[in-house]
Amino acid sequence: MDIQSRMQELVVRINQYNEAYYQNNESLISDQAFDELMHELQQLELQNPLFALPDSPTQRVGGTITKAFKSVIHQFPMLSLGNTYNEEDLRDFDERIKKTLGDEPYEYICELKFDGVALSFWYENGRLIKGVTRGDGTRGDDITENVKTIRRIPLTVNSEKFPKIFEVRGEGFMPISSFEKINEEKVAKGDAPLANPRNAASGTFKMQDSAEVARRNMDCFIYSFVGNEIPFQTHEEGLNLMSQQGFPVSPTWRKCASVDEILAYIHEWDEKRNDLPLNTDGIVIKINDLGQQERLGYTAKSPRWAISFKYPSEIAQTKIESLSYQVGRTGNITPVANLHPVYLAGTVIKRASVHNANEIQRLDLHEGDSVFIEKGGEIIPKITGVDLTKRSNGAIPFNFPTHCPECHGELVRLPGEANHYCVNETACPPQIKGKIEHFIQRKALNIENIGVETIDLLYEKGIIKNAADLYALSELSFWGLEGFQQKSIANILQSIEKSKQIPFRQVLFGLGIRHVGATIAEKLVLAFHSLDNLAAANYDELIAIPEIGDRIAISILDYFNNPMNLAIISKLREAKIQLAEDLQEIVLEGESLVGKSFVISGVFENFEREELKAKIIANGGKVVSSISSKLDYLVAGNNMGPAKLEKANQLNIKILSEEEFLALLS
Ligand SMILES: NC(=O)c1ccc[n+]([C@@H]2O[C@H](COP(=O)([O-])OP(=O)(O)OC[C@H]3O[C@@H](n4cnc5c(N)ncnc54)[C@H](O)[C@@H]3O)[C@@H](O)[C@H]2O)c1
Ligand SMILES: [Zn+2]
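Residues numbered from 1 in each chain as written. Chains lettered and ligands numbered in written order. Predicted model: local features only at pLDDT ≥ 70, side-chain atom pairs only at ≥ 80, totals over all residues.

Under the annotation held in an unreviewed UniProt entry, the chain carries the name DNA ligase and is attributed to Aquirufa avitistagni. Among the UniProt annotations of the chain, the heading Catalytic activity (unreviewed entry) holds the following wording: "NAD(+) + (deoxyribonucleotide)n-3'-hydroxyl + 5'-phospho-(deoxyribonucleotide)m = (deoxyribonucleotide)n+m + AMP + beta-nicotinamide D-nucleotide." Turning to the chain, the UniProt annotation filed under Function (unreviewed entry) states: "DNA ligase that catalyzes the formation of phosphodiester linkages between 5'-phosphoryl and 3'-hydroxyl groups in double-stranded DNA using NAD as a coenzyme and as the energy source for the reaction. It is essential for DNA replication and repair of damaged DNA." (UniProt positions renumbered as here; feature names shortened; annotations may be inferred.)

J.: Quick question: what am I supposed to make of helix α3 (residues 87-101) here?
T.: Residue pairs spaced three or four apart in an α-helix point in one direction, given the helix's 3.6 residues per turn. Compared with an ideal rise of 1.5 Å per residue, which puts 15 residues at 21 Å, α3 spans 21 Å between its outermost C-alpha atoms and is within 8% of the ideal. Positive backbone phi, at 65 degrees, marks Gly-102, one or two positions downstream of α3. (Helix = DSSP H or I, 4+ residues; strand = E, 2+ residues; numbered from the N terminus. Expected span 1.5 Å × (residues − 1).)

J.: Can you walk me through the sheet that holds strand β3 (residues 108-114) in this structure?
T.: The strands that make up a sheet pair up through hydrogen bonds in the backbone, lying either parallel or antiparallel. Spatial strand order, β2-β11-β10-β3-β9: five strands in an open sheet with mixed pairing. Looking at the sheet topology across the chains shown, the edges are occupied by β2 (83-84) and β9 (254-256). Looking at chain direction, β2 and strand β11 (residues 306-310) are connected through two bridges and run parallel. Bridge pairing in β11 links Thr-84 to Phe-309. (Pairing = 2+ DSSP bridges.)

J.: Would you mind going over the UniProt feature "binding site: Zn(2+)" (unreviewed entry) in the chain with me for this structure?
T.: Under the UniProt annotation, "binding site: Zn(2+)" (unreviewed entry) lies at Cys-404, Cys-407, Cys-422 and Cys-428. The named residues occupy 25 residues along the chain; their greatest pairwise C-alpha distance, 8.6 Å, places them in one compact cluster. Position of Cys-407 among the secondary structure elements: in the loop between β16 (382-386) and β17 (411-412). For Cys-407, a count of 19 C-beta atoms within 10 Å puts it in the partly exposed group. (Buried ≥ 20, exposed ≤ 12 C-beta atoms within 10 Å, placed from the backbone.)

J.: Looking at this model, I keep getting lost on helix α6 (residues 197-205). Mind explaining?
T.: Burial of α6 is extensive: seven of the nine residues sit out of reach of the surface. Within the sequence span of α6, burial applies to Pro-197, Arg-198, Ala-200, Ala-201, Ser-202, Thr-204 and Phe-205.

J.: I'm lost on the sheet that holds strand β22 (residues 654-656) in this one. Help?
T.: Reading across from one edge, β20-β19-β21-β22 is the order of the four strands in this open sheet, with parallel pairing throughout. Every other strand in the sheet has two partners, leaving β20 (622-623) and β22 as the edge strands with one partner each. Pairing of strand β21 (residues 633-636) with β22 involves three bridges; the strand directions are parallel. Across the sheet, residue Val-635 finds its bridge partner in β22, namely Leu-656.

J.: Is there a simple way to think about the environment of Ser-392 in this case?
T.: Mapped onto the elements of the fold, Ser-392 is located in the loop between β16 and β17. Residues Ser-392 and Glu-367, 25 residues apart in the sequence, show an inter-C-alpha distance of 9.4 Å.

J.: Sorry, what's going on with the site of ligand 1 here?
T.: If you check the shell around ligand 1, you find 24 residues, and the closest are Tyr-21, Asp-31, Ser-80, Glu-111 and Ala-118. Residue composition of the shell around ligand 1, by class: eleven nonpolar, seven polar and six charged. Each of domain 1 (3-58) and domain 2 (71-310) accounts for three or more of the residues forming the shell around ligand 1. (Near = placed C-beta within 6 Å. Nonpolar A, V, L, I, M, F, W, Y, C, P; charged D, E, K, R; others polar. Domains from an automatic or database assignment.)

Structure follows, in structure tokens:
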């Protein structure tokens with residue numbers, strides 16, 4: 001291919017990747033592969049300026065605005081950053097700075113490069129008036145309602161410390177913990193999981209429903225201050241001012257005097273960054289002095305006074321040996337790729353999840369394919385692409401099976417769902433065992449002392465056929481089974497007995513009705529109070545309940561129409577399991593603590609600990625167990641542990657005495 005066609009091809013491809021990435025929150029290739037293509041294009045344009053195309057992605061910030069929001073014009077453009085992957089490029093960057101600044105001394109500030117989406121917060125007279133996305137750099141989407149859900153972004157600041165009008169900018173992100181929780185729920189419902197925290201963040205900030213954004217616990221780190229009037233001379237002073245005035249500035253930045261010091265910082269954080277609550281994909285190096293920044297200036301796309309150093313992403317290449325299909329407790333079929341073992345980011349990887357049939361199709365997987373696997377925010381690596389150059393002629397594409405690999409029952413796929421299901425619920429062993437395992441878990445009947453192996457064994461031996469059979473177990477049932485001492489049998493039976501006190505909402509979750517997770521179970525108990533009422537409810541009564549839609553309603557009706565399930569319920573009733581509960585919506589006493597979190601420590605004069613806890617909840621607050629930088633208050637009684645006190649002091653957490661706490665309530 002000649003140079004001109006290659007340049008054309010690169011422009012088309014990169015523009016496609018940009019569109020998928022910024023508009024659909026989808027990565028069609030890995031970031032590193034993307035950056036390599038971009039780099040190739042930049043080099044070719046430098047060497048062949050006459051062939052450079054006007055719509056080249058090297059000349060523009062990658063994002064776009066969407067129609068769903070009002071767009072606003074940035075007073076100062078929001079730019080991208082140049083990037084480097086190695087020491088040599090970093091030294092080149094430093095040389096360029098040295099050349100422009102002549103003999104002047106200069107220093108750098110290194111920060112982590114947070115992997116989320118750039119956001120700008122506009123303040124006027126000390127009040128937050130707008131939150132805006134980067135968009136195409138010139139115009140962004142007005143997503144004020146959504147950014148207001150970020151609890152750490154102050155709605156007001158001390159107006160004496162700042163000019164009348166200014167902006168702060170930072171990276172909005174979805175904490176890994178929220179990401180994992182949302183995906184757990186999605187997978188349980190049979191929905192496709194979110195791909196990675198970055199794409200999830202960018203999708204979330206562009207949702208229309210800000211209540212849903214609020215539920216996702218989004219967060220932000222601020223890293224820059226912009227305006228016509230800047231009340232400081234260096235970036236360092238800016239970071240200090242912003243953090244003193246209540247902006248969430250990550251304390252991980254460091255001042256560095258030389259490239260060697262920068263390299264030490266890079267090295268140090270390569271390991272430590274795994275402990276942070278969010279993904280980071282590198283570090284950002286900025287000239288500290290604002291006057292020098294001004295003189296170094298900007299290209300069309302990025303500042304000349306800053307650069308990012310990206311950590312190589314953790315990618316490996318290996319061969320697919322086979323695909324297996326796992327059957328979950330609700331009969332959902334998950335394809336899993338068995339890989340030729342390969343070393344990736346500290347562990348040997350043998351398997352990767354492929355999620356569902358759509359994913360097989362999207363990747364166009366063939367038998368024996370050589371694939372790229374990547375470790376993102378998730379623990380389980382995923383296949384991000386196929387190396388087509390290594391596919392042999394005549395390779396056969398994987399076809400989704402038509403029958404269940406375990407019971408040979410037929411598989412069905414309901415309209416609108418990504419998953420295939422084995423509907424042979426009553427005779428498919430992994431479904432039966434999976435349902436019993438689901439039933440005993442902590443969030444359900446919380447039956448301790450009994451594990452997956454014991455369930456397997458009791459099921460294989462024909463001693464239990466469903467969860468209700470657990471209540472018919474006696475010492476005799478274990479007779480002749482290997483590995484059970486009298487003591488462990490007694491423990492098992494005791495745990496089973498204890499589960500008869502578990503409240504109905506957990507029992508309902510434990511029944512394992514498809515799409516009825518713990519939260520939905522609670523909603524149902526609030527509305528119906530007993531299993532009998534729920535079983536008698538019709539479709540209209542079900543969908544009248546908040547958050548119960550078509551899919552859940554149908555699944556509940558199906559469940560109670562199945563005689564097998566009715567037989568299980570009748571056995572549970574005989575065993576005196578809780579099948580009713582008078583659950584009431586918590587009515588708040590007051591709202592003075594809404595949105596605030598508390599740790600309770602020590603002994604109190606007016607309250608028992610539990611009372612204090614109830615008081616906080618009744619006024620809209622949240623009680624957490626450990627002190628972190630996100631905590632609002634530590635309520636300190638007598639005899640509080642010195643370690644807690646020290647930690648709270650270190651993190652600048654406000655400490656309340658009992659009296660101060662009471663004052664907060666009124
Ligand atoms: N995989 C794909 O298909 C695909 C497609 C398009 C873009 N991308 C990725 O996105 C990158 C381009 O995105 P970009 O233009 O946003 O560039 P970038 O993400 O490499 O760098 C600029 C951004 O860094 C962020 N940032 C994080 N921490 C920062 C800090 N401490 N100080 C300043 N900024 C900080 C800001 O949001 C800023 O806008 C590509 O290099 C690639 O990695 C991937
Ligand atoms: Zn089956």
